[in-house]
Amino acid sequence: MILFNNVSMVYENGTKALENINFYIDKGEFVFLVGSSAAGKSTIIKLIMRELVPSEGTIIINETNTSFLTHKQIPYFRRKIGVVFQDFRLLQNKNAYDNVAYAMEIVGASRREIRKNVPNVLSQVGLTAKAKMFPSQLSGGEQQRVALARAIVNSPAVLIADEPTGNLDPETTMEIMQILDDINKRGTTVVMATHAEKIVNMMQKRVIEVDHGAISRDEKKGGYNYVN
Ligand SMILES: Nc1ncnc2c1ncn2[C@@H]1O[C@H](COP(=O)(O)OP(=O)(O)OP(=O)(O)O)[C@@H](O)[C@H]1O
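For every chain, the first residue of the written sequence is number 1, and numbering continues from 1 onward in sequence order. Two thresholds apply to this predicted model, a pLDDT of at least 70 for residue-level local features and 80 or more for giving and counting side-chain atom pairs, whereas whole-chain, interface and lining totals are computed over all residues.

Please explain the packing of helix α3 (residues 96-105) against helix α4 (residues 111-124) as it appears in this structure.
Axes are the key here: two packed helices are described by the angle between their axes and the distance separating the axes. Axis separation between α3 and α4 bottoms out at 10 Å; the angle between their running directions is 130 degrees. Considering their axes alone, α3 and α4 lie oblique with respect to each other. Remark: the crossing between α3 and α4 carries right-handed chirality. On α4, the residues that touch Ala96, Tyr97, Val100, Ala101, Met104 and Glu105 of α3 are Glu113, Ile114, Asn117, Val118, Val121 and Leu122. All residues other than Ala, Val, Leu, Ile, Met, Phe, Trp, Tyr, Cys, Pro, Asp, Glu, Lys and Arg, Gly among them, are scored as polar; the first ten of these are nonpolar and the last four charged. Classifying every residue of the contact of α3 with α4 gives nine nonpolar, one polar and two charged. In this analysis, axes come from line fits to C-alpha atoms, helices being fitted only over the stretch in contact, and the angle between any two N-to-C directions falls in the range 0 to 180 degrees. The helix and strand labels rest on DSSP assignments: H or I over at least four residues marks a helix, E over at least two residues marks a strand, and numbering proceeds from the N terminus. Every angle not falling under 35 degrees, over 145, or within 65 to 115 is termed oblique; those three ranges are roughly parallel, roughly antiparallel and roughly perpendicular. Left-handed is the label given to a crossing in which the near helix is rotated counterclockwise from the far helix by less than a right angle, and right-handed is the label when the rotation is clockwise. A pair of residues counts as a contact when their C-beta atoms, built from backbone coordinates, are within 7 Å of each other.

Shown next as structure tokens:
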């Protein structure tokens, strides 16, 4: 599903962000990516999404070697990857329903599919009653639910969440984590980069820790920090 084989990443300005990292994430796993600031988490996420290609090594996502993708193939490749960010990134001039529907429109889904899938995912994230609200009329947690609905509406194989609870209070964070867990239990592989120590400790999922561009820990059911 996701394979990093001897991956190194050096940015154009010479910054070495990752050095010779290796990991494999199987279909259906839930993985936390942790590590201090500037450790290399966002670089890993950008490599998974093929925003970057590795300077060295091989990255295979859904059986595709990302280094060999042409510019024309990239949009098709990205359809299989849903993504949510700390700052939600919703279209402010579209209501919740249309934000989600838009993700289907741009991949050429039929109106019939859109009318079927959008209410389904809005219901899955508990937002049926707020479908007509614009982002400015929604709380942070509700906006993140819309972003999650948008990320999963095209049934991606992988959901990437880059610090998805960074702007949310503890209670709302728990609600978002429950939705992520539910999405994972329905079969989507989830990779979540986070600094949310309590959440990582509570969920007891696989933890991959990055430290100065290298994998310093990969634990099956880990906490935020290594405990002996
Ligand atoms: N576009 C870029 N050009 C040059 N260097 C970069 C670029 N993006 C990131 N870096 C550098 O690469 C290293 C890893 O950064 P990265 O953003 O992956 O860290 P991170 O673990 O996601 O940090 P944070 O938790 O603060 O988001 C850092 O030294 C950073 O300064």
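Right, picking up where we left off after that structure.
So what exactly am I meant to see when it comes to the sheet that holds strand β4 (residues 56-61) here?
Within a sheet, each strand pairs with its neighbour through backbone hydrogen bonds, oriented either parallel or antiparallel. Only strands that DSSP links by at least two bridges are regarded as paired with each other. Overall, antiparallel pairing links the four strands, which are arranged β2-β1-β4-β5 in an open sheet. At either end of the open sheet lies a strand with only one pairing partner, and these are β2 (16-25) and β5 (64-65). Two strands pair when backbone bridges link them, and strand β1 (residues 2-10) and β4 are joined in this way by five bridges, in the antiparallel orientation. Paired with Ile2 across the two strands is Ile61, which belongs to β4. Of the strands in this sheet, β1, β2 and β4 are in contact with helix α1 (residues 41-48), which crosses β1 at around 120 degrees.

What is the right way to look at the site of the ligand in this model?
What surrounds the ligand is the set Tyr11, Asn13, Thr15, Ala17, Gly35, Ser37, Ala38, Ala39, Gly40, Lys41, Ser42 and Thr43. No other element matches the three residues that α1 contributes to the shell around the ligand. The residue inventory of the shell around the ligand, partitioned by class, reads four nonpolar, seven polar and one charged. Whether a residue is near a molecule or strand depends on its C-beta atom, placed from the backbone, lying within 6 Å of it.

Looking at this structure, how should I read the sheet that holds strand β8 (residues 189-193)?
One open sheet accounts for six strands, arranged β6-β7-β8-β3-β9-β10; its pairing is mixed. The open sheet has two edge strands with one neighbour each: β6 (81-85) and β10 (214-219). The mean angle between the axes of side-by-side strands here comes to 15 degrees, regardless of whether they run parallel or antiparallel. Pairing geometry for strand β3 (residues 30-34) and β8, over four bridges, is parallel. Counterpart to Phe32 in the pairing with β8 is Met192. On the sheet, helix α5 (residues 140-152) packs against β6 and β7 (158-162) and is oriented at approximately 165 degrees with respect to β6. Contacting β3, β7 and β8, helix α6 (residues 170-185) runs over the sheet at an angle of about 150 degrees to β8.

Which parts of the structure should I look at to understand unusual backbone geometry?
Both trends apply: most residues other than glycine have a negative phi, and most peptide bonds are in trans. A positive phi angle, near 50 degrees, is found at Glu163, a position not held by glycine. Within the secondary structure, Glu163 is located in the loop between β7 and α6. Any residue surrounded by 20 or more other C-beta atoms within 10 Å of its C-beta is treated as buried, while 12 or fewer makes it exposed and the intermediate range makes it partly exposed; C-beta atoms here are placed from the backbone. Overall, the presence of 19 C-beta atoms within 10 Å leaves Glu163 in the partly exposed class.

Is there a simple way to think about the packing of α5 against α6 in this case?
In the contact formed by α5 and α6, the axes pass within 10 Å of each other and the chain directions differ by 15 degrees. As summarised for this structure, α5 and α6 are arranged roughly parallel, according to the angle between their axes. As α5 runs across α6, the sense of the crossing is right-handed. Mapping the contact onto sequence places Gly140, Gly141, Gln144, Arg145, Leu148 and Ile152 in α5 and Thr172, Glu175, Ile176, Ile179 and Ile183 in α6. When its residues are assigned to classes, the contact of α5 with α6 shows five nonpolar, four polar and two charged.

Mind showing me how you'd approach the pairing of β3 here?
With five of its five residues buried, β3 lies for the most part within the structure. Because side chains alternate across β3, one face comprises the buried residues Phe30, Phe32 and Val34, and the other comprises Val31 and Leu33, equally buried. With four bridges joining them, β3 and strand β9 (residues 206-211) adopt parallel strand pairing. Residue pairing in the sheet places Val31 in a bridge with Arg206 of β9.

Sorry, what's going on with the pairing of β7 here?
The side chains of a regular strand alternate between the sheet's two faces. Of all five residues in β7, five are buried; the element is thus mostly enclosed. Residues Val158, Ile160 and Asp162 of β7 are buried on one face, and the alternating residues Leu159 and Ala161, pointing to the opposite face, are buried as well. Where β6 and β7 come together, five bridges link them in parallel fashion. Residue Gly82 lies in a different strand from β7, and its bridge partner there is Leu159. Note that β7 and β8 share five bridges and pair parallel. Looking at β8, one finds that Ala161 is bridged to Met192.

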